[in-house]
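# Breakdown of the fold
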Amino acid sequence: MVVTLRPEIAALQPYRQGRPAAPDAFKLSSNESPFPPLPAVLDAVAGSSFNRYPDAAATVLRTRLAERYGVPPEQVHTGSGSVAILQQLIQAAAGPGDEVLYAWRSFEAYPGLVTVSGATSVTVPLAPGEKHDLDAMAAAITDRTRVVIVCTPNNPTSVIVTADEFAAFMAKVPETVLVLLDEAYAEFVTDPDAVHGIPLLARHPNLVVLRTFSKAYGLAGLRVGYAIGPEYILDAARSTAIPLSVTEPAQRAALAALDNEAELLERVGVLIERRSEIENALAAQGWRLPPAHGNFIWLPTGAQTTAAAEVLEAHGIVARVFPPDGIRVSIGEPESVEKLLQATAQVVETLRETPENAGLG
Ligand SMILES: Cc1ncc(COP(=O)(O)O)c(C=O)c1O
C-alpha cells in the first residue's frame, strides 16, 4: 500500500450484501419484498427520460409526500435510499470529537456511517426482550452527543419502541441533540402501542423521521427513501448530499407506488399474516421470541449462530447471520415458509443441547 488513507476508513469492512441465493434457495437476507414490481410501477420506470438528469429537488414526489403528511414540501427530503439520508444527517450534525449514540445490535450500516463522518459511535446494548434500552441511552448522552438514532422496529431484532417509551425518552434528550427515528419498516407495524414519529414532529424540534420505499413499497433496487423534519435540518442534509442522486426512474416509481398504495399495502398485509404464521409455528417448536414487527424475524441463536445458519442454508434458506448474536430471516415467498420451519425445527434439536441459549424456553 502506497497511498496514505484515513486509518479508521482503511480499517472499515466494505459493505457486505446479503449473499446471493443459489437458484433453488430463498434469499431472505435483505428484508426485500418477495413480490415482483407492479405493472404500473414498471410502466412509470419505462416512461422515464433518463437521457436527462433528474429533478434534483424531486419536486413532484416531495410535494406529494408533503400533502400526505400535512407538512410543507420544505420539510420533506428525498435520498437514494433512507441510508443516504442517514449519512447526510450524521455528517451534517457530527464530526471528529462528537458522539453518535444508538442501540446495539441495530442496523448494521450505523457504525460505518458514523466512522465515515469522523465522529465516534457510542452504543448501548439492547435490553432483555431485544428492545432499545432507552433509559440507558438517555443516560449515555454527554455534551459531545450530537445524534441519537432510534430504530423501530429494530433491525435485526424486529422489536418496536412504544409511544410511551419514546415520549419518556424525548423528555430527557436535550433539544440540541438530533434524534433520528428510523422507521424503515413502519408499514409492517400493527401494534397500537408502537411509536409513530411523524405526528410527533410538531412536539419535538430536534426530531427527524426516516422512511423508505425499499421495503413495504417494493422499490429496494431503485433506491428512494425520505425524511420528514424541520426545514433547516433537512437543508443541512441537502447540503451534504450528492446532487441528483435520486434518479428520475426512482422518483417516478415512488409516485406510481403511492398511486397504487392500496395494492401494495394489501401485499404488506399478506406478509404480516405470513409473519404471524411463522411466529406461531416457531412458538410451537419451542422458540421463545419477542413479537416481530418488521418484515423479518430474529432467531437469537447465540453461540450456535454459525451452525444454525448452516442448517438454514442446507434447507435452501439464505438469511443474514450475525454471530455470536443471532440470525435475521426476512418474510419471503410462501414456498419459503415450509423450508424455513423445517430448518428451525432442526436448529431446535441442536440448541436444546445448549440450554443457556435465550431463544428457547
Ligand atoms: C433500519 C433500516 N434503516 C434504513 C435502511 C435503509 O433502507 P434504504 O436505504 O433502502 O431506504 C434499512 C435497510 O435495510 C434498514 O433496515
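Since we're looking at a predicted model, the values are computed, not measured.

## Regarding the sheet that holds strand 11 (residues 326-330)
Read from one edge to the other, the open sheet built from four strands follows the order 1-10-11-9, with strand pairing classed as mixed. If you trace the sheet from one side to the other, it starts and ends with strand 1 (26-28) and strand 9 (296-299), each paired once. Shown here is a sheet whose adjacent strand axes are inclined to one another by a mean of 30 degrees, direction ignored. Sheet topology places strand 10 (residues 317-322) next to strand 11; three bridges connect them, and they run antiparallel. Within strand 11, the position partnered with Val321 by the bridge is Ile327. In the packing of helix 12 (residues 334-351) onto the sheet, contacts are made with strand 1, strand 9, strand 10 and strand 11, and the angle to strand 1 comes to roughly 75 degrees.

## A few points about helix 7 (residues 163-170)
Three or more residues of helix 7 are buried, namely Phe166, Phe169 and Met170. Burial along helix 7 is one-sided: seen end-on, the buried residues are contained in an arc of 95 degrees. On the buried face of helix 7, the contacting elements are helix 6 (134-139), strand 5 (145-151), strand 6 (178-182) and strand 7 (207-212).

## Considering the sheet that holds strand 6
Reading across the sheet, the seven strands line up as 2-8-7-6-5-3-4 and stay open at both edges, with mixed pairing between neighbours. Every interior strand has two partners, whereas the edge strands, strand 2 (76-79) and strand 4 (120-125), have only one. Averaged over all pairs of adjacent strands, the angle between their axes in this sheet comes to 25 degrees, without regard to strand direction. By the bridge criterion, four bridges tie strand 7 to strand 8 (residues 225-228) in an arrangement that is antiparallel. Looking across to strand 8, one finds that Val209 is bridged to Ile228. Along the sheet face, helix 5 (residues 109-117) touches strand 3 (99-104), strand 4, strand 5 and strand 6 and points at about 170 degrees away from the line of strand 3.

Basis of the calculations
Residues numbered from 1 in each chain as written. Predicted model: local features only at pLDDT ≥ 70, side-chain atom pairs only at ≥ 80, totals over all residues. Heavy atoms only, no water. Pairing = 2+ DSSP bridges. Helix = DSSP H or I, 4+ residues; strand = E, 2+ residues; numbered from the N terminus. Axes fitted to C-alpha atoms, helices over the stretch in contact; angles between N-to-C directions. Contact = heavy atoms within 4.5 Å. Buried < 20%, exposed > 50% of the residue type's maximum accessible area, 1.4 Å probe, protein only. Arc of directions from axis to C-beta.

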